[in-house]
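Coordinates in review
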Amino acid sequence: MELRHLRYFVAVADAGNLTVAAQRILHTSQPSLSRQIRDLEDEVGTELLTRRARGIDLTPAGRAFLDHARSVLSQVEAAAEAARRAAHPAKPCFTMGFLTGHELTWMPEALRILHDELPNIDVMISSQYSPLLADGLLKGKIDAAFLRRERGMPELAFRPLVKEPLMVILPIDHRLAARKAISPGDLVGETFVTVSATAPVLRLVIDNYLKRSGLNITPAHEADHLAMGMSLIASTHGVGLLPAYAQNFIPSLVTSRPLKGEVPTVELVLGYKKSNESPVLKLLLSRLDELVARVSKKA
């Protein structure tokens, strides 16, 4: 498997059409692109795309693969940028981490604030699970991270950003999708998909909500990441609870509905190591209220 296969696959997934991806994004021929995608599917060992007359749909395997492909390409770009920075260390460097999926909302405004004050700064980006981001902060590999308030890390400081309400995620043809809002009791008897240990803070919020609601629900499946959760919900015709930001990544076969009653929330915070003396970090912290206001206005 080569990096070009991943780039081609991501381009096709984003465009939703082989011809559009070939001509407008990759500047290659459609037959050549189709061969590359088939080679990738042969390497993975399963079909990733379903070809249709007017475009393509990702299979459940394709949706699960897409998230990892993006992560690999992001890490490769980060590695290349790190190499360039090591070769030309004139610019000050600042590394920001993002809980995967939150880059879309927070990264543009955070970069804008930093570059307004420090146009020559070299900003590195890391997209990972929240516990891995916290570990990166502890080890000094990351200067500031948009993550959950991880426990048992007294060396870290957390500044609140936003509390995200949980939503019910379910297939578009599910019987509960006909309702404008869903009561917690409606989840009983359904195939329930929850998050795994890769998201311990969110898992605790979900478990506590079900307990407070008096529900005894045993999850049928655990998802390691957002794409896997969506794929499991679609393929098992199940339901799950995810933060509202997940609506930005819902595929065509899945939809969302709000919860009735007291809605649980999960907090997104800006974390950093207390001993970090980076002037760039101090600048970001000094303008944190402005950052939150910008993102809220945009939302």
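The coordinates are above.
Values in this document were obtained by computation on a predicted structure and should not be read as measured data.

How each quantity is defined
- Residues numbered from 1 in each chain as written.
- Predicted model: local features only at pLDDT ≥ 70, side-chain atom pairs only at ≥ 80, totals over all residues.
- Heavy atoms only, no water.
- Helix = DSSP H or I, 4+ residues; strand = E, 2+ residues; numbered from the N terminus.
- Contact = heavy atoms within 4.5 Å.
- Phe/Tyr/Trp six-rings, centres within 6.5 Å; stacked < 30°, edge-to-face > 60°.
- Buried < 20%, exposed > 50% of the residue type's maximum accessible area, 1.4 Å probe, protein only.
- Salt bridge = Lys/Arg side-chain N within 4 Å of Asp/Glu carboxyl O.
- Pairing = 2+ DSSP bridges.
- Axes fitted to C-alpha atoms, helices over the stretch in contact; angles between N-to-C directions.
- Parallel < 35°, antiparallel > 145°, perpendicular 65-115°, else oblique.
- Left-handed = near helix turned anticlockwise from the far one by under 90°.
- Nonpolar A, V, L, I, M, F, W, Y, C, P; charged D, E, K, R; others polar.
- Lys, Arg positive; Asp, Glu negative; His and termini not counted.
- Polar contact = N/O pair within 3.5 Å; in protein donor to acceptor, adjacent residues only side chain to side chain.
- Core = buried A, V, L, I, M, F, W, Y, C linked by side-chain atoms within 4.5 Å.
- Expected span 1.5 Å × (residues − 1).

Topic: the environment of T191
Structurally, T191 is set in the loop between β6 (156-171) and β7 (192-195). For the pair T191 and E267, spaced 76 residues apart in sequence, the C-alpha separation works out to 26 Å. Every residue in contact with T191, bar those within four places of it in the chain, is listed here: A220, H221, T236, G238 and V239.

Re the packing of aromatic side chains
For the structure shown, the criterion picks out four aromatic pairs. Seen from their ring centres, Y245 and F249 are 6.5 Å apart, and the 75° between their planes marks the pair as edge-to-face. By relative accessible area, which is 35% here, F249 ends up partly exposed. Chaining the aromatic ring pairs together yields one cluster made of F98, W106 and F146.

Description of the pattern of salt bridges
Under the definition given, this model contains 20 salt bridges. When the shortest N-O distance is used, the salt bridge between E41 and R51 registers 3.2 Å. Of this pair, E41 sits in helix α3 (residues 30-44) while R51 is found in strand β1 (residues 49-52), placing the two residues ten residues apart along the sequence. With relative accessibility at 36%, the residue R51 sits in the partly exposed group. Here R84 makes a salt bridge to E77, at a shortest N to O gap of 3.0 Å. Look at the salt bridges and you will find they share partners, linking E109, R112, D116, E117, R287, E290 and R294 into a network.

So, the pairing of strand β2 (residues 55-58)
Two strands pair when backbone bridges link them, and β1 and β2 are joined in this way by four bridges, in the antiparallel orientation. Along β2, the bridge assignment pairs R52 with G55. In sequence, β1 turns back onto β2 through a hairpin of two residues.

Here we look at the packing of helix α1 (residues 3-15) against helix α4 (residues 60-87)
Closest axis-to-axis distance for the α1/α4 pair is 9 Å, and the angle between their directions is 125°. In terms of orientation, α1 lies oblique with respect to α4. In this structure, the crossing between α1 and α4 has a hand that is left-handed. Contacts between α1 and α4 involve L3, L6, R7, F9, V10, A13 and D14 on the former and, on the latter, G62, F65, L66, A69, R70, V72, L73 and V76. Of the residues assigned to the contact of α1 with α4, the class counts are eleven nonpolar, one polar and three charged.

Thoughts on unusual backbone geometry
For H27, which is not glycine, the phi dihedral falls at a positive 55°. Note on placement: H27 falls in the loop between α2 (18-26) and α3. With phi around 55°, H237 is a residue other than glycine that occupies positive phi space. Inspection of the secondary structure puts H237 in the loop between α8 (226-236) and β9 (239-243).

Regarding the side chain of E103
The topology assignment puts E103 in helix α5 (residues 103-117). Among buried Asp, Glu, Lys and Arg side chains, E103 stands out as unpaired, with R70 the closest opposite charge at 9.1 Å. Among the polar contacts made by the side chain of E103, one reaches the side chain of S127 at a distance of 2.3 Å. For E103, the residues in contact, after removing those within four places along its chain, are F98, P108 and S127.

Examining the nonpolar core
If you look at the biggest cluster of nonpolar residues, it comprises 33 residues, and the most contacted ones within it are L187, F192, I206, L210, L241 and L242. Within the residue set of this core, elements represented by two or more residues are β6, β7, α7 (200-212), α8 and β9. It is α7 that provides the largest number of residues to this core, a total of six residues. When near neighbours in sequence (up to four residues on either side) are disregarded, L241 contacts L166, M167, V168, L187, F192, V193, I206, Y209, L210 and L259. F98, L114, L284 and L291 belong to the second largest nonpolar core, which has 25 residues in total.

Focus on α3
End to end, α3 covers 21 Å across 15 residues, agreeing with the expected 21 Å (1.5 Å per residue, within 8%). For α3, the set of buried residues is S32, L33, S34, Q36, I37, L40 and E41. Looking at where α3 begins, the residue whose side-chain oxygen comes 3.3 Å from the main-chain nitrogen of S32 is S29. Backbone geometry just downstream of α3 places G45 in the positive-phi region, at approximately 95°.

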